[in-house]
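Residues per chain are reported as follows:
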Amino acid sequence: MTVIYAFPPLKYTATLLDDELPSRSSRGVFSGQDYVSSSGPRRRVIRVTASSLSGNRDGAGMSASLNRLLDGGVNLVRMACPSINWCHEARPLASAPLTWTTEGDPLEWTDGGDPLLWFTGPALAATVTTLNGFAALALTGLTPGALVCRAYDVIRVYVEGEDGGASRAVKTVFADASGDAVIPLFDALPAGIVSVGDTETAVFRVTSRSPSDQPVSGNWMYSWALREVLPDEYPEDATEVDPWA
């Protein structure tokens, strides 16, 4: 039976999140025109480099444990997709009382720019609209000029307390002078309570693992490459296990 293990809480020193977008091309015999079309579903691919001395100096041990649990590729992992953009400390978007948190950010990086947001509890209601041909969510009551999201940040919607799905922001969005903002999305989302800069997880197969030699002193790294496995590609009765809890 396939087991989906939670990826260990390693501290990353470098990450890559990218989309695999298969396509095929052809050329008309008589017209000479080139044609390009999609030839498969979008998949996420991830590379992470993890510190062996992270946590309780057990990063190497967790990496070795996961390798053993994967059983040569029989089993899979569920992993939080790393942030595309550098992460920031939270600050309120609106004057209404909100509860903000940076929990779930595995990188804890800042670049000195405007803060980006993670929040829980009472949040901001969004309505469905469009912008320049993209499905979009409209928000009101924001702090004028506030940074709402950065390009390709995760935007999640909750409908009556239930997860209504997630998409990615097409571009960086700031609130206008009236405190309004419209977030264009790659995938349509329903109206509901919007969580800006949220996280998303997916199931992956580890395609390569590259441990470095352990030095006499100092840190050493483990590099992992992962490719998304779509829900219809693993058994419905697959069991999910978090060995690190």
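Here's a quick rundown of the structure. (Residues numbered from 1 in each chain as written. Predicted model: local features only at pLDDT ≥ 70, side-chain atom pairs only at ≥ 80, totals over all residues. Heavy atoms only, no water.)

**A short note on the packing of aromatic side chains**
Here is the rule we go by: Only centres within 6.5 Å qualify two rings of Phe, Tyr or Trp (six-membered ring in Trp) as a pair; their planes then separate them into stacked at under 30 degrees, edge-to-face at over 60, and tilted for everything else. In this description a helix means any DSSP run of H or I spanning at least four residues, a strand means any run of E spanning at least two, and both kinds are numbered starting from the N terminus. Between buried and exposed lies partly exposed: a residue is buried under 20% and exposed over 50% of the maximum accessible area for its type, with that area taken using a 1.4 Å probe on protein chains only.
Counted by the stated rule, this structure contains two aromatic pairs. An angle of 85° between the planes, with centres 5.7 Å apart, marks the rings of Phe 7 and Trp 224 as edge-to-face. Of the two residues, Phe 7 sits in the loop between strand E1 (3-6) and strand E2 (12-20) while Trp 224 sits in strand E18 (residues 221-228), which places them 217 residues apart along the sequence. As far as the burial class goes, Phe 7 and Trp 224 line up, both buried. For the ring pair Tyr 152 and Phe 186, a centre distance of 5.8 Å and an interplane angle of 75° mean the geometry is edge-to-face. Of this pair, Tyr 152 sits in the loop between strand E11 (147-149) and strand E12 (154-159) while Phe 186 sits in the loop between strand E15 (181-184) and strand E16 (192-198); the two residues are 34 residues apart in sequence, bridging distant segments of the chain. Since its relative accessible area comes to 47%, Phe 186 is described here as partly exposed.

**Focus: the pairing of E12**
As a reminder of what qualifies: Strands are treated as partners if at least two bridges between them are detected by DSSP.
Pairing between E12 and strand E13 (residues 162-168): five bridges, direction antiparallel. Its bridge partner being in E13, Tyr 158 is matched across the sheet by Asp 163. Between E12 and the antiparallel strand that follows it, E13, lie two residues; Glu 160 among them carries a positive phi value of about 50°. Sheet topology places E12 next to E16; five bridges connect them, and they run antiparallel. Pairing of Tyr 158 across the sheet is with Ile 193, part of E16.

**Re the sheet that holds E13**
How we decide: A fitted line through C-alpha atoms serves as each axis, taken over the contacting stretch for helices, and the angle formed by two N-to-C directions is quoted from 0 to 180°.
Pairing is antiparallel across the open sheet formed by six strands, whose spatial order is E13-E12-E16-E9-E10-E15. Sheet topology places E13 and E15 at the edges, where each strand pairs with a single neighbour. Taking each pair of neighbouring strands and ignoring which way they run, the sheet shows an average axis angle of 40°. Where strand E10 (residues 134-139) meets E15, four bridges bridge the pair, whose relative direction is antiparallel.

**Digging into the environment of Glu 240**
Put simply, the rule is: Contacts were defined at the residue level, with two residues in contact if any of their heavy atoms lie within 4.5 Å.
Tracing the backbone shows Glu 240 in strand E19 (residues 239-241). With sequence-adjacent residues up to four places away left out, Glu 240 is seen in contact with Ile 4 and Arg 78.

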